[in-house]
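One letter stands for each residue in the lines below.
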Amino acid sequence: MSKLKLSVAMGDYDRTRPILDGRVPIDGVDPTCMLLSPEEMFFRAFRHQAFDVSELSLSSYSISVARGEPHYIAVPVFLSRAFRHSSIYVRKDRGIDTPADLKGRRIGIAEYQLSANVWFRGILEDEYGVRPPDISWVRGGMDTPGRPEKIKVDLPPDIEVNEAPENATLNAMLADGEIDGFVGPRAPRCFDDGHPHVGRLFADTVAEAEQYYRKTAVFPIMHVLGVRRSLAEANPWLPGALLKAFAEAKNIAETALNDTSATKVTMPFVEDTLARARKLMGSELWSYGFAPNRHVLDTFLRYHHAQGLSPCKVEPEELFHQATMEAFSL
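Residues numbered from 1 in each chain as written. Predicted model: local features only at pLDDT ≥ 70, side-chain atom pairs only at ≥ 80, totals over all residues. Heavy atoms only, no water.

### Quick look at the overall build of the chain
When helices and strands are tallied, the chain shows eleven helices and eleven strands. At 20 Å, the chain has a C-alpha radius of gyration in line with the 20 Å of a compact globule built from 330 residues. Projected onto the principal axes, the alpha-carbon positions of the chain cover approximately 65 × 50 × 35 Å. Classification of the 330 residues of the chain by burial places 52% in the buried group. Pairs at least 24 residues apart make up 78% of the contacts formed inside the chain by residues separated by at least 6 positions. When the accessible area of the chain is evaluated, it comes to approximately 15,100 Å², of which 52% is carbon and sulfur surface. Charged side chains of the chain number 38 positive and 45 negative; the gap between the two group centres comes to 1 Å. (Helix = DSSP H or I, 4+ residues; strand = E, 2+ residues; numbered from the N terminus. Rg over C-alpha atoms; globule rule 2.2 N^0.38 Å. Buried < 20%, exposed > 50% of the residue type's maximum accessible area, 1.4 Å probe, protein only. Contact = heavy atoms within 4.5 Å. Areas by Shrake-Rupley, 256 points an atom, 1.4 Å probe, with all protein chains shown as cover. Lys, Arg positive; Asp, Glu negative; His and termini not counted. Charge placed at Lys NZ, Arg CZ, Asp CG, Glu CD.)

Structural data, given as structure tokens:
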């Protein structure tokens, strides 16, 4: 039997490279792999269903499930996860020293429905008592004017979202003091360039995230892996094959990370960072599979519905192909 020739879009990570270079085959599949940025990948996936298998924004995918129009079905492979306490950048000359100081401020966002922004708003409300209506949101492109939402959203009437002025970018508005802050998965360029009045809200983002994890045991999920729904229906073995292959690829990456005889990551203090993370989270730092992540997904979907992005609360089980909800054992 010939293998399925499938397009596979994913980010360039240590946990995906064994798929790209062929060290880990996907059973029954001859993949054409493309390494793309999240912005390009998600836009093409949700606007044009461009790929057979694609890394997907958890938020955009949840919207499609809640509306009953998902072109993809997810596999519990979580290619991107991040604590989002580092995602809020503020003008340090505006008296914004605590989360409470964000009330009444103008905060820039690239898209309201981005997974990182859903997580940040949920954490802001749950942990610090600052609700989404307390902030005036300004939407626009970070470095290019006029970025559209990938998926049209209808927000509650008490949420104020204004478009950035024509030809303006959020980076320039933050640098010039026209907005008070920015929330998003990427740092604004003015922060990376060392703008003297732009910094992170939290002085120690790692300590803040550690405190959050000790309380909630939540390591936020940003992206899932999706397969075209029609392909999964025609080939019910495919979602399980994808879960198997991507889990093996992650195991290879974790094994390499543990070998610090010659550091595999271009940064210092790898051993210390690993030890600190394991002390906090245990040996399984980045789990795939449904069961160990159900509480994380349920938290996200609660935030997603409360923020008006999904018309009904989606249950975690609704996101994934049934064949990937459990695994065999010997």
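### So, the packing of helix α7 (residues 205-216) against helix α10 (residues 270-281)
Orientation of α7 relative to α10, taken along the N-to-C sense of each, is 25°, at an axis distance of 10 Å. Relative to α10, the element α7 is oriented roughly parallel. Taking contact as the criterion, the partners of V206, A207, E210, Y213 and R214 in α7 are, on α10, R276, L280 and M281. Residue composition of the contact of α7 with α10, grouped by class: five nonpolar, no polar and three charged. (Axes fitted to C-alpha atoms, helices over the stretch in contact; angles between N-to-C directions. Parallel < 35°, antiparallel > 145°, perpendicular 65-115°, else oblique. Nonpolar A, V, L, I, M, F, W, Y, C, P; charged D, E, K, R; others polar.)

### Quick look at the pattern of salt bridges
Two side chains with opposite charge may pair up if their charged atoms get near one another. Under the definition given, this model contains 28 salt bridges. Here D14 ties to R15 by a salt bridge, and the two come within 3.3 Å at their closest N and O atoms. Here D21 makes a salt bridge to R23, at a shortest N to O gap of 2.9 Å. Residue D21 is classed as partly exposed on the basis of its relative accessible area of 45%. Each of R294, D298, K313, E315 and E317 takes part in one network of salt bridges that share partners. (Salt bridge = Lys/Arg side-chain N within 4 Å of Asp/Glu carboxyl O.)

### Considering helix α2 (residues 38-48)
Every α-helix winds through 3.6 residues per turn, so residues three or four apart in the chain are directed the same way. Buried residues of α2: M41, F42, A45 and F46, and no others. Buried positions in α2, seen along its axis, are confined to an arc of 105° and lie on one side of it. Along its buried surface, α2 packs onto β1 (4-10), β3 (53-57), α3 (58-66), β4 (72-81) and β11 (221-228). (Arc of directions from axis to C-beta.)

### Concerning the sheet that holds β4
Pairing is mixed in the open sheet, where five strands are placed in the order β2-β1-β3-β11-β4. Each edge of the open sheet is held by one strand with a lone partner, namely β2 (29-35) and β4. Looking at each pair of strands side by side, their axes are set apart by 30° on average, direction ignored. (Pairing = 2+ DSSP bridges.)

### As for the sheet that holds strand β10 (residues 198-200)
Within the open sheet, the six strands sit side by side as β8-β7-β6-β9-β5-β10. Their pairing is mixed. At either end of the open sheet lies a strand with only one pairing partner, and these are β8 (160-163) and β10. Across the sheet, the mean angle separating the axes of adjacent strands is 30° when strand polarity is ignored. Strand direction decides the pairing type here: strand β6 (residues 106-109) and strand β7 (residues 136-139), joined by four bridges, are parallel. The residue bridging G108 from the neighbouring strand is V138, located in β7.

### Overview of the pairing of β6
For the crossover that starts at β6, traverses helix α4 (residues 115-128) and ends in the parallel β7, the hand is right-handed. With two bridges joining them, β6 and strand β9 (residues 181-183) adopt parallel strand pairing. Paired with I107 across the two strands is G181, which belongs to β9. (Right-handed = clockwise from strand over helix to strand, strands pointing away.)

### With respect to the nonpolar core
In terms of nonpolar packing, the biggest core is built from 90 residues, with Y61, L102, F246, L319 and F320 touching the most fellow members. Other than its neighbours up to four places away in sequence, F320 contacts I73, A74, V75, P76, F78, V224, F290, L297 and M325. Among the nonpolar cores identified, the runner-up in size contains 14 residues, and A110, M142, L170 and M173 belong to it. (Core = buried A, V, L, I, M, F, W, Y, C linked by side-chain atoms within 4.5 Å.)

### Overview of α10
Under the 1.5 Å per step criterion, the end-to-end length of α10 is 16 Å for twelve residues, consistent within 8% with the ideal 16 Å. On the buried face of α10, the contacting elements are α7 and α9 (238-258). (Expected span 1.5 Å × (residues − 1).)

### Side note on the environment of G226
Its place among the elements puts G226 in strand β11. Linking G226 and A9, residues 217 residues apart in sequence, is a C-alpha distance of 9.7 Å. Setting aside residues up to four positions removed in sequence, G226 forms contacts with D52, V53, S54, L56, Y72, I73 and A74.

### Re the pairing of β11
Of all eight residues in β11, seven are buried; the element is thus mostly enclosed. Sheet topology places β3 next to β11; five bridges connect them, and they run antiparallel. Looking at the pairing, V53 lines up with V227 of β11.

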